[in-house]
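Listed here are the chains, written in short residue letters.
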Amino acid sequence: MLEKMQTIKISIHCWQGDDVKGFLSSTGELTGGILATGNFLGVPRTPDELRQDLEKVFSLIPGKHKLNLHAIYLDTDETVDLNEIQPKHFKKWVDWAKKEEIGLDFNPTFFSHPMMKNGLTLAHPDKKVREYWIEHGKRSRKIAEYFGKETGQTCINNFWVPDGMKDHPIDRFTPRKRLMASLDEIFTESFDENYLQDAVESKLFGLGAEAYTVGSHEFYLGYGLTRNKLVCLDAGHFHPTEMISNKISSLALFSKGIMLHVSRPVRWDSDHVVLMDDELQEIARELIRNELLEKTNIGLDFFDATINRIAAWVIGTRNTQKALMKAMLEPIEQLKEMELAFDFTFKMAYTEELKDFPYADVWNYFCYKNQVPVGLDWLQVVNEYQKNVLELRK
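Not measured: the values here are computed from a predicted model.

### Considering empty space enclosed by the protein
Per the counting criterion, the structure on display carries three cavities of 30 Å³ or more. In this model, the largest cavity occupies a volume close to 50 Å³. Lining of the largest cavity is provided by L260, V262, L280, I283, A284, L287, I298, T320, A323 and L324. Mapped onto the lining of the largest cavity, the elements with two or more residues apiece are β9 (258-262), α8 (278-289) and α9 (309-328). Looking at which element gives the most residues to the lining of the largest cavity, the answer is α8, with four residues. Residues belonging to the lining of the largest cavity are distributed by class as follows: nine nonpolar, one polar and no charged.

### Overview of the environment of M338
You can see M338 is positioned in helix α10 (residues 332-340). Judged by relative accessible area, M338 falls into the buried class, the value being 12%. Put simply, M338 and T188 are 150 residues apart on the chain and 49 Å apart in space, counted from C-alpha to C-alpha. Residues in contact with M338, not counting those within four places in the same chain, are D343, F346, K347 and Y350.

### Comments concerning the layout of surface pockets
In this model, the largest pocket occupies a volume close to 550 Å³. For the largest pocket, the lining is made up of 21 residues, of which T7, L293, E294, T296 and N297 are closest to its centre. Elements that contribute at least two residues to the lining of the largest pocket include exactly α1 (2-7) and β10 (296-300). Examining the composition of the lining of the largest pocket, we find that three residues originate from one element, β10, more than from any other. Along the lines of polarity and charge, the residues of the lining of the largest pocket split into five nonpolar, eight polar and eight charged.

### Concerning the UniProt feature "binding site: Mn(2+)" (unreviewed entry) in the chain
Mapped onto the present numbering, the UniProt feature "binding site: Mn(2+)" (unreviewed entry) falls at H237, D269 and D271. The largest pairwise C-alpha distance within this set of annotated residues, which runs over 35 residues, is 9.5 Å, so the set is compact in three dimensions. Examined against the element boundaries, D269 turns out to sit in the loop between β9 and α8. In this structure D269 comes out as buried when scored by relative accessible area, which is 6%. In this structure, D269 is in contact with K203, D234, G236 and H237, ignoring residues within four places of it in sequence. One can find D271 in the loop between β9 and α8. With near-sequence residues (within four places) excluded, D271 lies in contact with S263, R264, D301, F302 and F303. A polar atom in the side chain of D271 sits 3.2 Å from the side chain of S263.

### Thoughts on the pattern of salt bridges
A complete count under the given rule lists 32 salt bridges for this structure. The residue K127 makes a salt bridge to E131 at a minimum N-O spacing of 3.8 Å. Placement of both K127 and E131 in helix α4 (residues 127-151) is noted, with a separation of four residues, approximately one turn of the helix. We classify K127 as exposed; its relative accessible area is 52%. Put simply, E330 and R285 hold a salt bridge, and the shortest N to O gap is 3.3 Å. Taken together, the residues span a long stretch of sequence, with E330 in the loop between α9 and α10 and R285 in helix α8 at a distance of 45 residues. For the pair formed by E330 and R285, the shared burial category is buried. One salt-bridge network, in which partners are shared between bridges, spans R45, E49, D53 and R393.

The rules we used
Residues numbered from 1 in each chain as written. Predicted model: local features only at pLDDT ≥ 70, side-chain atom pairs only at ≥ 80, totals over all residues. Heavy atoms only, no water. 1 Å grid on protein atoms, 1.4 Å probe; cavity = no way out; pocket = protein on both sides within 12 Å on 5 of 7 lines; lining within 4 Å. Points joined across faces, edges and corners; volume = space filled by probe spheres on them. Helix = DSSP H or I, 4+ residues; strand = E, 2+ residues; numbered from the N terminus. Nonpolar A, V, L, I, M, F, W, Y, C, P; charged D, E, K, R; others polar. Buried < 20%, exposed > 50% of the residue type's maximum accessible area, 1.4 Å probe, protein only. Contact = heavy atoms within 4.5 Å. UniProt positions renumbered as here; feature names shortened; annotations may be inferred. Polar contact = N/O pair within 3.5 Å; in protein donor to acceptor, adjacent residues only side chain to side chain. Salt bridge = Lys/Arg side-chain N within 4 Å of Asp/Glu carboxyl O.

In structure tokens:
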């Protein structure tokens, strides 16, 4: 079990570090349904400072993982727009990833930009707007391929397009037809899947798109299955009573693979730090009980500036790992046999008893073996880093 845990890579999202601002625009204005609340001290102002924070995060998490970069996190002295980005603009990230021995994932950025007009990008009726974003999508795929080649780990390039409308549309069909055509054009070029795999991500609603999101779950489920793409399930992108844990097994039967964005919605897609709650544990159980780790890429997606940003990363990542480990410690075959025999009494008794089992002892040993802080010892490290680094940033 510990050997299997050692192989699981969590794709840790860069945008928790600086509240989704990135380094493309000096204004840092957020659009497209993106909202980070809070103003905790020490936000990184440069790519170097963000990497410094990430190094601290990785040092507090057992195992070797991946970093998930958005396109707006380029690192270059050039003045460059999203439809002009190239692999060279991310070379410093690649060099750093090699040094840290981690993989890189990528995301084109279809928000927080003047070319997002009327709340639309790839689904906009203006061809010039669509062409701008199509070019951005094509260039993002080349960057993702570069990441895969350079790191030796497949780069998952995830497409989330926030296009939508605030109030009820007359025509839901035509924007979806435009989005489909735009995506088809972006994906025209084929790449070696050892280096690059594309994923598509749905959403129910967002700020400014409360009534209609073009890229709904049904849209991207159909698109991913018919275009042989990974389908991304974000825990916060569905109705508040709808859980992605119940979707994983069905999607696994028909899709080439799954991308997960582990997040925590509070009444809506508010991207809270991942806690060890019931849904996180159900997600982990679905992956472990059904042996779906090989088919699933696990990433995080939350941004909280009301607390120490590094602590947020560590809490969310370690909780995700803990949930997977807890699921691995279950007597899965015996539980399946009980269910197959319709022995629901024993199944309930066993699953309830398992809730009291001391899985934390195994987790602490796993941390010890990986030479990262055990228990809450990591919090003291973060506190010292806050005093010595974050508080000095003005």
